[in-house]
Amino acid sequence: MSDYSGSRFDSARRGAGALLSGALSMLIIMVALLAAMWILEGVDVVLNGSLDQYGIVGWDPDGLVGILLAPFLHGGFGHLMANSLPLLILGFLAGLRDVRKFLWASLLIILIGGLGTWVTSPGVVTIGASGLVFGYFGLILARGVFDRRLLDLAIAIGVGVAYWGILAGLLPNQPGISWQGHLFGLVGGVVAAWVLRRKREITANPY
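The chain is annotated in an unreviewed UniProt entry as Rhomboid family intramembrane serine protease of Nonomuraea deserti.

Right, here's the structure in full:
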């Protein structure tokens, strides 16, 4: 085996190892996040839903604190159950390659999605992790376009085919559904993909 072939093999082995490590880390993170959400919802049920008041309250300055809290609060176990599986799958895939970038992307999604919801939902209390679900969906699709790595493109295509139906959640005037939270969560995911995109080296042509 030539030195070049051996180098390529070692590089591929390191890449596979890093991917496996990232997958394990993301699985732990997402399971822990969902466990925290379920425990919090259990506490909320015991307190007769009193935690829900800490969601995003549109146009209320005091409701701005809900931008950070709302994704972890839900209006009952049915609401949480509906969000759990897509959050687990999309969150896992969103952070598979780079856990650090995933954490920064999550913060951007929460802030952009929450602020957009606060501005466009006067007097409405919004809670739930669906903004994160839409954010991770947008992040995965946009990352495939911006980074143009084979694995990212494959994941983006698979997610687009499997989850295109959630885009119906962007339609307004659906009772009990915050289309604003979905829309701005999606926007947050696309922005995060752009901000955290892979930087390409620019080589100058000699005169």
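Okay, back to it.
With that out of the way, let us pick up empty space enclosed by the protein. A complete count under the given rule lists one cavity of 30 Å³ or more for this structure. Put simply, the largest cavity is a space of about 170 Å³. Taken together, 18 residues form the lining of the largest cavity, with Ile56, Pro71, Gly113, Gly128 and Gly131 sitting closest to its centre. When residues in the lining of the largest cavity are grouped by element, the largest group, five residues, is from helix H4 (residues 99-120). Of the residues contributing to the lining of the largest cavity, the split by class is eight nonpolar, ten polar and no charged.

Before going further, it helps to examine the layout of surface pockets. By volume, the largest pocket amounts to about 400 Å³. What lines the largest pocket is a set of 20 residues, and nearest its centre among them are Ser130, Gly176, Ile177, Ser178 and His182. Elements that contribute at least two residues to the lining of the largest pocket include exactly helix H3 (77-94), strand S2 (125-126), helix H5 (130-147) and helix H7 (179-195). Looking at the lining of the largest pocket element by element, the count peaks at four residues for H3. By residue class, the composition of the lining of the largest pocket is ten nonpolar, ten polar and no charged. Here the second largest pocket defines a volume of roughly 160 Å³. Along the walls of the second largest pocket sit 14 residues, with Asp98, Lys101, Arg143, Asp147 and Leu196 positioned nearest its centre. Only H4, H5 and H7 provide two or more residues apiece to the lining of the second largest pocket. In the lining of the second largest pocket, the residues fall into seven nonpolar, no polar and seven charged.

On to H7. Turn by turn, an α-helix covers 3.6 residues, leaving residues three or four places apart pointing in a common direction. Here H7 contains 17 residues, and its C-alpha end-to-end distance of 24 Å stays within 8% of the 24 Å for a straight helix at 1.5 Å per residue. Every buried residue of H7 is accounted for by Gln180, Gly181, His182, Gly185, Leu186, Gly188, Gly189, Ala192 and Ala193.

Looking at soluble globular proteins, one finds that nonpolar side chains tend to be buried together. Ranked by size, the top nonpolar core spans 37 residues in total, and within it Met37, Leu87, Leu90, Tyr136, Leu139, Ile140 and Val159 carry the most contacts. Among the elements that take part in this core, H5 stands out by supplying eight residues, more than any other. Setting aside anything within four residues of it in sequence, one finds Leu139 in contact with Ala94, Ala105, Gly189, Val190, Ala192 and Ala193.

Our focus in this paragraph is the pattern of salt bridges. Pairing between side chains of opposite charge can happen when their charged atoms approach one another. All told, the structure shown has two salt bridges when counted by the stated rule. The residue Arg97 makes a salt bridge to Asp152 at a minimum N-O spacing of 3.4 Å. One end of the pair, Arg97, is in the loop between H3 and H4; the other, Asp152, is in helix H6 (residues 150-163), and 55 residues separate them in sequence. What makes Arg97 partly exposed here is its relative accessible area of 35%. Taking relative accessible area as the criterion, Asp152 reaches 2% and is therefore assigned buried.

As a further point, take H6. Given a rise of 1.5 Å per residue, 14 residues ought to cover 20 Å, and the 20 Å separating the end C-alpha atoms of H6 matches this to within 8%. Asp152, Ile155, Ala156, Val159 and Tyr163 are the residues of H6 that are buried. Summarising the axial view, the buried residues of H6 lie within an arc of 100°, below the 170-degree limit, and thus occupy one face. Exposed residues on H6 whose side chains face more than 90 degrees from its buried face are Leu150, Ile157 and Val161. Packing partners of the buried residues in H6 comprise H3 and H5.

Thresholds, definitions, all that
- Residues numbered from 1 in each chain as written.
- Predicted model: local features only at pLDDT ≥ 70, side-chain atom pairs only at ≥ 80, totals over all residues.
- Heavy atoms only, no water.
- 1 Å grid on protein atoms, 1.4 Å probe; cavity = no way out; pocket = protein on both sides within 12 Å on 5 of 7 lines; lining within 4 Å.
- Points joined across faces, edges and corners; volume = space filled by probe spheres on them.
- Helix = DSSP H or I, 4+ residues; strand = E, 2+ residues; numbered from the N terminus.
- Nonpolar A, V, L, I, M, F, W, Y, C, P; charged D, E, K, R; others polar.
- Expected span 1.5 Å × (residues − 1).
- Buried < 20%, exposed > 50% of the residue type's maximum accessible area, 1.4 Å probe, protein only.
- Core = buried A, V, L, I, M, F, W, Y, C linked by side-chain atoms within 4.5 Å.
- Contact = heavy atoms within 4.5 Å.
- Salt bridge = Lys/Arg side-chain N within 4 Å of Asp/Glu carboxyl O.
- Arc of directions from axis to C-beta.

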